[in-house]
There are 4 protein chains.
Amino acid sequence: MSAPGSFTPEIDPSTLRPVAQARILYADTDKMGIVYHAAYFRYLELTRVELIRGAGLPYTEMEDAGLALPLVEIGVRFASPGLYDDLITVHARLSLVTRVRAHFQYRVVVEPGDRLGLEQTVELLRAETRHCCVRRDTGRPERMSPLMFERLSAAQQRGAASS
Amino acid sequence: MSAPGSFTPEIDPSTLRPVAQARILYADTDKMGIVYHAAYFRYLELTRVELIRGAGLPYTEMEDAGLALPLVEIGVRFASPGLYDDLITVHARLSLVTRVRAHFQYRVVVEPGDRLGLEQTVELLRAETRHCCVRRDTGRPERMSPLMFERLSAAQQRGAASS
Amino acid sequence: MSAPGSFTPEIDPSTLRPVAQARILYADTDKMGIVYHAAYFRYLELTRVELIRGAGLPYTEMEDAGLALPLVEIGVRFASPGLYDDLITVHARLSLVTRVRAHFQYRVVVEPGDRLGLEQTVELLRAETRHCCVRRDTGRPERMSPLMFERLSAAQQRGAASS
Amino acid sequence: MSAPGSFTPEIDPSTLRPVAQARILYADTDKMGIVYHAAYFRYLELTRVELIRGAGLPYTEMEDAGLALPLVEIGVRFASPGLYDDLITVHARLSLVTRVRAHFQYRVVVEPGDRLGLEQTVELLRAETRHCCVRRDTGRPERMSPLMFERLSAAQQRGAASS
């Protein structure tokens, strides 16, 4: 039997900042009455897109340069169930940037006032997604342009500095 | 900078067996022309359900006993992109069973003949999902009944034996 | 051969008002490079929820009263494809309210400035969803309370008046 | 107030034949404990794809010819809620085929034996989707090749004949 490692990302919450908010819909829930696990991934994408856009690098600009950032690895640790009508806040940061890789860390929470009767912040999950830079036409690894790398790196540094 | 660990599950493919098949739909793809990462999770659920059913423990029976098996951790490593109209095969096994936990491992592949022009098996991803047993009404951890545990354990052993 | 009727809802755009906005994600697109038709339904739900909340009737309050508003009929006419990164605006109104029914009309558009290079508003679709009021426990039709009906009716009137 | 027409497709069940089956997952349900309305659309796509493939026209072949069949109109009437673990059967037919259009009709049912304790067939919904043939690169209407049209027409006739 393999000794199971952990898929829980090593995240220091103080290094993340709030990037996106969203309201949980019926579409996100399942018959257990809570958010279906896979429904969170679109909120992580939304967060990633806004984080990159905030770095001055809209994803559409990467596309125009013939590049894409597909997912290579995912690690998620679920802490508490999300509920219908929760207003979730996704805290995030770029945790690693190289010319060929970008890692994002996320922490999804519900704040008091964003769920009826909630008195203290509840953490729904922590996640990390790891992406590599590829050419869109071939799917093969490709280095970002110096300008793209510079912008993402600056965003990563700003995130690190603000913590 | 945190030294990033790996979210790639430690899977020995020879210990898995084919459990489910599915045809990739437009609904599963994104504008990169490949399967959107989150679309795989429903195929993993489908596989999990069939694996448990095959163990003589339909998930509805767990529900009737007031129990649920929510996800606690996910680790995924994407290897190659899935394509529209691929007939995917999900190989899987129960990799750990205790009275309060169940771990599943998965390997999603496309076999020659299941994608036009494909000459050898291509691996799309490896994943592991970790679940804990809880009471449905309170969400609190709860031990499975001896009978449930016995059936899942037997299924786990059979899987191990067949490898 | 049946003479095919039309599923295009009879909508007067001047009677609708903007209720919700959302950014199109990769999650919403398919390999044709456009928004997958079924992806719009979660944006319609988002709109419905905000419209009802704006009427002073959060959906959670209906639930607490033991009621639900499941869908009975859907009519959609697609006009133009939605694109990745579009900022869509959903215009909507309550078009019919009785003690046991509620109809919603929607028009999804992209405004100039919300898609690169777009110079005039483009309409993506028109839709109408029809719902009936049921008891959550039995699924059987049930009349809304006078207070609920009053609030929805007032919202419907306000919508009509503002046009 | 507009006199509301009906979005219920005019379907004669005796003209449809069973095309696809699928097991309802947690992924498909919502907190009402039933299938979320938008979850059915992927099962309709699955059905459409199999119906066309059965006509000797795999959708990938249309794509290779530079064509696509995007949705233009949808009409759905929901009859009864689908439940978790239901094995649904989708009956369908091509109800109209021209060089530039194709209409599909669907009836989704659960048969006795495919839901615990079910004693007679229950109808979940009736739907019709209307598609037009377009060029993939421009999105503009385009006529199918005579061969494609012939195959779809033959499939439509066979469906009509078998009723």
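Quantities reported herein were computed from a predicted structural model and do not represent experimental measurements. (Residues numbered from 1 in each chain as written. Chains lettered and ligands numbered in written order. Predicted model: local features only at pLDDT ≥ 70, side-chain atom pairs only at ≥ 80, totals over all residues.)

**So, the overall build of chain A**
Applied cut-off: Helix numbering and strand numbering both begin at the N terminus, where a helix is a DSSP run of H or I of at least 4 residues and a strand a DSSP run of E of at least 2. To get the radius of gyration, use the C-alpha atoms; to get the globule rule, take the number of residues to the power 0.38 and multiply by 2.2 Å. Buried means a residue has 20 or more other C-beta atoms within 10 Å of its own C-beta, exposed means 12 or fewer, and partly exposed covers the counts in between; C-beta atoms are placed from the backbone. For every residue pair, C-beta atoms are placed from the backbone, and the pair is scored as a contact if these atoms sit within 7 Å.
Secondary structure summary: chain A contains three helices and seven strands in total. Beginning at the N terminus, the succession of helices and strands in chain A can be written as β-α-α-β-β-β-β-β-β-α. In summary, chain A has a C-alpha radius of gyration of 17 Å against a globular reference of 15 Å for 163 residues, a match within 12%. With the C-alpha coordinates aligned to their principal axes, the bounding extent of chain A is approximately 50 × 40 × 30 Å. Buried residues in chain A amount to 50% of all 163 residues. Restricting to contacts in chain A with at least 6 residues of sequence separation, those with at least 24 account for 72%.

**Describing the relation of the copies chain C and chain B**
Basically, it comes down to this: The least-squares superposition of copies is restricted to C-alpha atoms, and to residues with a pLDDT of at least 70 in both copies.
Mapping chain C onto chain B is achieved by rotating through 180° and translating by 0.0 Å along the same axis, at an RMSD of 0.0 Å. Taken together, the rotation angle and the small translation identify this as a two-fold axis. Both copies present the same face, since 100% of the interface residues in chain C are matched by interface residues at the equivalent positions in chain B.

**Let's talk about the sheet that holds strand 5 (residues 101-110) of chain C**
Where we set the bar: Here, a strand pair is defined by DSSP locating no fewer than two bridges between the strands. Lines are fitted to the C-alpha atoms to define the axes, a helix being fitted only along its stretch in contact, and any angle between axes, read from their N-to-C directions, falls within 0 to 180 degrees.
Sheet architecture is open: ten strands sit in the order 1(C)-4(C)-5(C)-6(C)-3(C)-3(D)-6(D)-5(D)-4(D)-1(D), paired in antiparallel fashion. Where the open sheet ends on each side, the last strands, each with one partner, are strand 1 (17-23) of chain C together with strand 1 (17-23) of chain D. Each strand axis lies, on average, 20° off the axis of its neighbour in the sheet, ignoring direction. Pairing of strand 4 (residues 87-97) of chain C with strand 5 of chain C involves nine bridges; the strand directions are antiparallel. Each residue of the ladder has a partner; that of His91(C), found in strand 5 of chain C, is Arg107(C). Each of strand 1, strand 4 (87-97), strand 5 (101-110) and strand 6 (122-132) of chain D touches helix 1 (residues 40-54) of chain D; the most contacted strand, strand 1 of chain D, lies at about 135° to it. Lying on the sheet, helix 3 (residues 146-161) of chain D is in contact with strand 1, strand 4 and strand 5 of chain D; it crosses strand 4 of chain D at an angle near 120°.

**Observations concerning the environment of Gln21(B)**
Residue and element names in this part refer to chain B. Within the secondary structure, Gln21 sits in strand 1 (residues 17-23). Distance in space between the C-alpha atoms of Gln21 and Val108 is 9.4 Å, their sequence separation being 87 residues. Ignoring sequence-local partners within four residues, the contact set of Gln21 consists of Leu87, Ile88 and Thr89.

**Considerations on the relation of the copies chain A and chain B**
When chain A is fitted onto chain B, the two copies agree to an RMSD of 0.0 Å after a turn of 180° and an axial shift of 0.0 Å. Comparing contact sets, 100% of the residues at the interface of chain A also lie at the interface in chain B, consistent with an isologous, same-surface contact.

**Looking at the environment of Asp28(C)**
All names here are of chain C. Locating Asp28 in the fold gives a position in the loop between strand 1 and helix 1 (40-54). You can call Asp28 buried: it has 26 C-beta atoms within 10 Å. For the pair Asp28 and Tyr84, spaced 56 residues apart in sequence, the C-alpha separation works out to 7.9 Å. Apart from residues lying up to four places away in sequence, Asp28 is in contact with Val35, Tyr36 and Ala39.

**A word on the sheet that holds strand 3 (residues 71-78) of chain B**
Taken in spatial order, the ten strands line up as 1(A)-4(A)-5(A)-6(A)-3(A)-3(B)-6(B)-5(B)-4(B)-1(B) in an open sheet, and their pairing is antiparallel. Only two strands of the sheet have a single neighbouring strand rather than two, namely strand 1 (17-23) of chain A together with strand 1 of chain B. When the angles between neighbouring strand axes are averaged without regard to direction, this sheet yields 20°. In the sheet, strand 5 (residues 101-110) of chain A pairs with strand 6 (residues 122-132) of chain A via ten bridges, with the strands oriented antiparallel. For Gln105(A), the partnering residue across the bridge sits in strand 6 of chain A and is Glu128(A). Here helix 3 (residues 146-161) of chain A sits on the sheet in contact with strand 1, strand 4 (87-97) and strand 5 of chain A, set at roughly 115° to strand 4 of chain A. Helix 1 (residues 40-54) of chain B rests against strand 1, strand 4 (87-97), strand 5 (101-110) and strand 6 (122-132) of chain B of the sheet, and its axis sits at about 135° to strand 1 of chain B.

**A look at the interface of chain C and chain B**
The test is simple: Classes in brief: Ala, Val, Leu, Ile, Met, Phe, Trp, Tyr, Cys and Pro nonpolar; Asp, Glu, Lys and Arg charged; the others, Gly included, polar.
Taken together, the contact pairs nine residues of chain C with nine residues of chain B. Residue classes in the side of chain C that touches chain B are distributed as five nonpolar, two polar and two charged.

**Digging into helix 1 of chain C**
All names here are of chain C. The criterion, for reference: In this scheme, a helix's expected span is set at 1.5 Å multiplied by one less than its residue total.
Over its 15 residues, helix 1 extends 21 Å from the first C-alpha to the last, a length consistent with the 21 Å expected when each residue adds 1.5 Å. Among the 15 residues in helix 1, twelve count as buried, and that is most of the element. The inward-facing, buried residues of helix 1 abut strand 1, helix 2 (59-64), strand 4, strand 5 and strand 6 (122-132). Directly after helix 1, the chain includes Gly56, whose backbone phi takes a positive value near 80°.

**Observations regarding the pairing of strand 4 of chain B**
The element strand 4 of chain B is largely enclosed, with a buried count of eight among its eleven residues. Linking strand 4 of chain B to strand 5 of chain B, which pair antiparallel, is a turn of three residues.

**Some words on the interface of chain A and chain B**
Facing 25 residues of chain A, the contacting portion of chain B comprises 26 residues. Within the residue set of the side of chain A that touches chain B, elements represented by two or more residues are helix 1 (40-54) and strand 3 (71-78) of chain A. In terms of residues, the side of chain A that touches chain B owes the most to one element, strand 3 of chain A, which gives eight residues. Residues of the side of chain A that touches chain B, tallied by class, amount to 13 nonpolar, seven polar and five charged. Note that strand 3 of chain A and strand 3 of chain B share five bridges and pair antiparallel. Along strand 3 of chain B, the bridge assignment pairs Arg77(A) with Glu73(B).

**Describing the confidence of the model for chain A**
Note that predicted coordinates carrying low pLDDT should not be read in detail. The condition that has to hold: For every residue, the predictor assigns a confidence score, pLDDT, that lies between 0 and 100.
Here chain A shows a mean pLDDT of 93. Residues at 70 or above account for 96%. Interface confidence for the predicted complex, expressed as ipTM, amounts to 0.93; the pTM equals 0.95.

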